[in-house]
Amino acid sequence: MTGPGSTGPGLDVAGLQRRLAEFAAARDWEPYHTPKNLAVALSVEASELVEIFQWLTPEQSARVMDKESSAHRVRDEVADVLAYLLQFCEVLGIDVLTALSEKIDRNEIRFPAK
């Protein structure tokens, strides 16, 4: 069963989108969750993820999850990026998994394996 704080195999995109919508509704944030605002917020959160890696060498970046302090930051920023992406898709009626699958299909044609 999913619920506040739950993790694991019971998670699904629709359930997470519902939790995000309920969270925003409980705080009267829906008027601010326009496509433009969500796209901007998504960009900001993606930039915060980039900031973690900004001055790391390739080798250091590959080990970023080894230290709990940096691993925690990465997980938090990944969660923020995904949250805003899911909210963005919800507002615009985009099925994120279908969109990804269709994009992979197009890329397979565009960039055939050698």
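See the structure printed just above.
My aim in this report is to walk through the structure given alongside it, one point at a time.

Here the focus is the overall build of the protein. In terms of regular secondary structure, the protein is built from 5 helices and 0 strands. Starting at the N terminus, the α and β elements of the protein follow one another as α-α-α-α-α. Taking 114 residues into account, the globule formula puts the C-alpha radius of gyration at 13 Å, and the protein, at 17 Å, lies well above it. Within the span of the protein, comprising 114 residues, buried residues form 19% of the whole. Sequence separation of at least 24 residues holds for 56% of the intrachain contacts in the protein that already meet a minimum separation of 6.

Another point: the environment of leucine 85. In this fold, leucine 85 is placed in helix α4 (residues 68-92). Separated by 44 residues in sequence, leucine 85 and alanine 41 have C-alpha atoms that sit 9.1 Å apart. Dropping the residues within four chain positions of it, leucine 85 is found in contact with Leu42 and Val96.

When the terminal C-alpha atoms of helix α2 (residues 35-53) are compared, their 28 Å separation across 19 residues agrees well with the 27 Å that a helix rising 1.5 Å per residue should span. Those residues of α2 lying buried are Leu38, Ala41, Leu42, Glu45 and Ile52. Taken around the axis of α2, the buried residues stretch over an arc of 105 degrees, which confines them to a single face. Projecting away from the buried face of α2 at angles above 90 degrees are the exposed residues Lys36 and Val50.

Let's shift gears to the layout of surface pockets. If you add up the space inside the largest pocket, you get close to 620 Å³. Along the walls of the largest pocket sit 23 residues, with Leu16, Leu20, Ala79, Leu82 and Ala83 positioned nearest its centre. The set of elements that each furnish at least two residues to the lining of the largest pocket consists of α1 (13-26), α2 and α4. When residues in the lining of the largest pocket are grouped by element, the largest group, 8 residues, is from α4. Partitioning the lining of the largest pocket into residue classes produces 13 nonpolar, 5 polar and 5 charged.

On the surface, Asp95, Glu102, Asp105 and Glu108 cluster together into a negatively charged patch. Inspection of the secondary structure puts aspartate 105 in helix α5 (residues 96-110). What makes aspartate 105 partly exposed here is its relative accessible area of 42%.

Another aspect to go through is α5. Relative to the 21 Å expected for 15 residues at 1.5 Å per residue, α5 spans 21 Å between its end C-alpha atoms, a close match to the ideal helical length. Capping of α5 at its N-terminal end is provided by aspartate 95; its side-chain oxygen lies 3.1 Å from the backbone amide nitrogen of leucine 97.

Another point: unusual backbone geometry. With a phi close to 60 degrees, aspartate 28 is a non-glycine residue in the positive phi region. Tracing the backbone shows aspartate 28 in the loop between α1 and α2.

Reading the values: the criteria
Residues numbered from 1 in each chain as written. Predicted model: local features only at pLDDT ≥ 70, side-chain atom pairs only at ≥ 80, totals over all residues. Heavy atoms only, no water. Helix = DSSP H or I, 4+ residues; strand = E, 2+ residues; numbered from the N terminus. Rg over C-alpha atoms; globule rule 2.2 N^0.38 Å. Buried < 20%, exposed > 50% of the residue type's maximum accessible area, 1.4 Å probe, protein only. Contact = heavy atoms within 4.5 Å. Expected span 1.5 Å × (residues − 1). Arc of directions from axis to C-beta. 1 Å grid on protein atoms, 1.4 Å probe; cavity = no way out; pocket = protein on both sides within 12 Å on 5 of 7 lines; lining within 4 Å. Points joined across faces, edges and corners; volume = space filled by probe spheres on them. Nonpolar A, V, L, I, M, F, W, Y, C, P; charged D, E, K, R; others polar. Patch = residues over 30% accessible without salt bridge, like charges linked within 9 Å, V, L, I, M, F, W, Y side chains within 5 Å. Areas by Shrake-Rupley, 256 points an atom, 1.4 Å probe, with all protein chains shown as cover. Salt bridge = Lys/Arg side-chain N within 4 Å of Asp/Glu carboxyl O. Lys, Arg positive; Asp, Glu negative; His and termini not counted. Charge placed at Lys NZ, Arg CZ, Asp CG, Glu CD. Polar contact = N/O pair within 3.5 Å; in protein donor to acceptor, adjacent residues only side chain to side chain.

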